[in-house]
Amino acid sequence: MHPARLLPALLLAGPALAATPQYTKAQAAAGAKTYAAQCAMCHGAKLSNGGAPKLAGTTFFQKWATNTLDDFHFIMSTTMPQTKPGGLKEAEYINVLAYILQVNGFKPTTKALAVKDLKAYTFKK
Ligand code: HEC
């Protein structure tokens with residue numbers, strides 16, 4: 001089949017993946033910088049190698065399996081960074097969340113991660 005003919009089929013498959021978190025590469029790149037400056041000293045440079053709870057890996061997935069990203073974002077944006085809870089801008093929290101998704105193996109897309117969509121997303125793959 002000609003490659004161009006595959007495209008509509010792929011686009012149609014889109015909505016079925018609605019619960020898979022969407023974020024852009026740019027968001028994750030910005031989030032990586034914020035994470036390094038604001039979170040890494042406690043949660044570790046790899047998200048799972050600090051003194052604070054792991055933000056990546058199997059234990060993390062199990063812990064958050066039954067919650068939405070909205071719940072996760074709420075905890076993160078109201079209690080973190082522990083030294084100044086709620087102290088970052090909304091875009092910074094969203095970008096850090098995009099980075100956490102990237103480290104946990106979710107692939108970037110062209111749709112930006114947005115607060116209004118978080119209730120539809122989980123960490124399940
Ligand atoms: C000064 C150390 C410190 C910094 C800086 C910090 N955290 Fe935390 N974080 C903790 C500790 C300790 C806990 C566990 C206790 C708690 O939940 O309050 C925690 C818990 C969390 C949790 C809940 C994890 C879970 O599974 O229960 C999230 C999410 C989180 N932090 C994200 C972040 C993010 C994102 C940043 C940077 C914007 C950040 N933290 C900065 C120390 C820190």
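Residues numbered from 1 in each chain as written. Predicted model: local features only at pLDDT ≥ 70, side-chain atom pairs only at ≥ 80, totals over all residues.

Trainee: In this structure, what is going on with the overall build of the chain? I would like to understand it.
Mentor: Looking only at helices and strands, the chain has six helices and zero strands in total. Listed N to C, the secondary structure of the chain is α-α-α-α-α-α in terms of helices and strands. By residue count, 25% of the 125 residues in the chain fall in the buried class. Counted over contacts in the chain with a minimum sequence separation of 6, partners at least 24 positions apart contribute 70%. (Helix = DSSP H or I, 4+ residues; strand = E, 2+ residues; numbered from the N terminus. Buried ≥ 20, exposed ≤ 12 C-beta atoms within 10 Å, placed from the backbone. Contact = placed C-beta atoms within 7 Å.)

Trainee: Mind showing me how you'd approach helix α5 (residues 69-79) here?
Mentor: In an α-helix, one turn spans 3.6 residues; hence positions three or four apart end up facing the same way. What α5 keeps buried is the set Leu69, His73, Met76 and Ser77. Angularly, the buried residues of α5 cover 90° about the axis, an arc narrow enough to put them on a single face. Relative to its buried face, α5 has exposed residues pointing more than 90 degrees away, namely Ile75, Thr78 and Thr79. Against α6 (90-103) lie the buried residues of α5. (Arc of directions from axis to C-beta.)

Trainee: Even after reading the chapter, I still don't get the site of the ligand, so can you show me in this structure?
Mentor: Surrounding the ligand, one finds 19 residues, the nearest of these being Cys39, Cys42, Ala52, Met80 and Pro81. It is α5 that contributes the most residues to the shell around the ligand, four residues altogether. Taken together, the residues of the shell around the ligand break down into 13 nonpolar, five polar and one charged. (Near = placed C-beta within 6 Å. Nonpolar A, V, L, I, M, F, W, Y, C, P; charged D, E, K, R; others polar.)

Trainee: In this structure, what is going on with the environment of threonine 68? I would like to understand it.
Mentor: Following the sequence through the fold, threonine 68 ends up in the loop between α4 (58-64) and α5. Note on threonine 68: 16 C-beta atoms within 10 Å, which makes it partly exposed. Considering only alpha carbons, one finds threonine 68 and alanine 120, 52 residues apart in sequence, at a separation of 7.0 Å. Leaving out residues up to four positions away in the same chain, threonine 68 has contacts with Leu118, Lys119, Tyr121 and Thr122.

Trainee: Any chance you could explain the confidence of the model for the chain here in plain terms?
Mentor: Considering every residue of the chain, the mean pLDDT works out to 89; 86% of them sit at 70 or more. Below a pLDDT of 50 lies the segment residues 12-18, which in the model reaches one contact outside its immediate sequence neighbourhood of four places, other chains included. (pLDDT = per-residue confidence, 0-100.)

Trainee: So what exactly am I meant to see when it comes to the nonpolar core here?
Mentor: As a rule of thumb, nonpolar side chains are buried together in soluble globular proteins. In terms of nonpolar packing, the biggest core is built from 21 residues, with Tyr93, Val96, Leu97, Ala98, Tyr99 and Ile100 touching the most fellow members. Contributions of two or more residues to this core are made by α2 (25-38), α5 and α6. Counting residues per element, this core draws most heavily on α6, which supplies eight residues. If we skip the residues at most four places from it in the chain, tyrosine 93 touches His73, Met76, Ser77 and Leu88. (Core = buried A, V, L, I, M, F, W, Y, C linked by C-beta atoms within 7 Å.)

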